[in-house]
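Structural features, examined
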Amino acid sequence: EQMGGVLQAGLSELPGVTAVRGAGLLLACVLSGRFATEVVREALASGLVINAPCPDVLRLAPSLLVSSGEIERALSILEEVLAVVSDRQIAEGDTANGEAIDGW
């Protein structure tokens, strides 16, 4: 349960994440726009396996044996991926609901 708290706290601090829900290590983070599929694709290319059950939601389900170092690495990858996706959306003029993406 301690690692779940660490992961939840880290996710809630990421730019572009508006809410974190779930229990223990089975967590979902709600994004400020409908770009979860792109985040999943970029995360996988960086070695992080997550999924997008909804266009604006990322689901994380790490092993129950996950270490704090692995959680830190996952959060680092997500932070980098969210920045890349955000930059790409801004450059392409693709924004959430016609407005700038919150948190970026």
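As a starting point, this report considers the structure included with it. Model, not experiment: these values are computed from the prediction. (Residues numbered from 1 in each chain as written. Predicted model: local features only at pLDDT ≥ 70, side-chain atom pairs only at ≥ 80, totals over all residues. Heavy atoms only, no water.)

Describing the environment of Gly 5
This is how it is decided: Helix numbering and strand numbering both begin at the N terminus, where a helix is a DSSP run of H or I of at least 4 residues and a strand a DSSP run of E of at least 2.
Assignment of secondary structure puts Gly 5 in helix H1 (residues 2–12). Residues Gly 5 and Gly 24, spaced 19 residues apart in sequence, show a C-alpha to C-alpha distance of 7.0 Å.

A closer look at the nonpolar core
For clarity, the cut-off: Definition used in this section: a nonpolar core is a set of buried Ala, Val, Leu, Ile, Met, Phe, Trp, Tyr and Cys residues joined via side-chain atoms within 4.5 Å. Residue burial is assigned from relative accessible area. The probe radius is 1.4 Å, only protein chains are included, and a residue is buried under 20% of its type maximum, exposed over 50%, and partly exposed in between. Note on contacts: a residue pair qualifies if any of its non-hydrogen atoms lie within 4.5 Å across the two residues.
In terms of nonpolar packing, the biggest core is built from 27 residues, with Leu 7, Leu 11, Leu 31, Val 39, Ile 50, Leu 58 and Leu 78 touching the most fellow members. Residue contributions to this core peak at eight residues, all from helix H3 (residues 68–92). Apart from the residues lying within four places of it in its own chain, the contact partners of Val 39 are Leu 31, Ile 50, Leu 58, Leu 78, Val 81, Leu 82 and Val 85.

Structural notes on the packing of helix H2 (residues 36–45) against H3
Heads up, the condition is: Axis definition: a line fitted to C-alpha atoms, limited for helices to the stretch in contact. Angles are taken between N-to-C directions and run from 0 to 180 degrees. Roughly parallel means an angle under 35 degrees; roughly antiparallel, over 145; roughly perpendicular, 65 to 115; everything else is oblique. Definitions for this section: a left-handed crossing has its near helix turned counterclockwise from the far helix by less than a right angle. A right-handed crossing has that turn clockwise. Basically, the charged four are Asp, Glu, Lys and Arg, the nonpolar ten are Ala, Val, Leu, Ile, Met, Phe, Trp, Tyr, Cys and Pro, and anything else, Gly included, counts as polar.
Two elements in contact, H2 and H3, have axes whose closest approach is 9 Å; the angle formed by their N-to-C orientations is 130°. The angle between the axes of H2 and H3 places the two elements in the oblique class. As H2 runs across H3, the sense of the crossing is right-handed. On the side of H2, the interface is formed by Glu 38, Val 39, Glu 42 and Ala 43, while H3 contributes Ile 77, Leu 78, Val 81, Leu 82, Val 84, Val 85, Arg 88 and Gln 89. Broken down by class, the residue content of the contact of H2 with H3 amounts to eight nonpolar, one polar and three charged.

Considering the pairing of strand E2 (residues 26–31)
Threshold: Strands are treated as partners if at least two bridges between them are detected by DSSP.
The buried count for E2 comes to five of six residues, which makes it a mostly enclosed element. The pairing of strand E1 (residues 17–23) with E2 spans six bridges and is antiparallel. In the sheet register, Val 17 faces E2, and the bridge partner there is Leu 31. Linkage of E1 to E2, two consecutive antiparallel strands, is achieved through a turn of two residues, within which Gly 24 is found at a positive phi near 60°.

Comments concerning the pattern of salt bridges
The condition that has to hold: By definition, a salt bridge exists where a carboxyl oxygen of Asp or Glu is found within 4 Å of a side-chain nitrogen of Lys or Arg.
All told, the structure shown has two salt bridges when counted by the stated rule. Between Glu 38 and Arg 88 there is a salt bridge whose closest N-O contact spans 2.4 Å. Taken together, the residues Glu 38 in helix H2 and Arg 88 in helix H3 connect sequence positions 50 residues apart. Residue Arg 88 pairs with Glu 42 through a salt bridge whose shortest N-O separation is 3.1 Å. Of the two residues, Arg 88 is situated in helix H3 and Glu 42 in helix H2; the sequence distance between them amounts to 46 residues. On the basis of relative accessible area, Glu 42 is assigned to the partly exposed category, the value being 23%.

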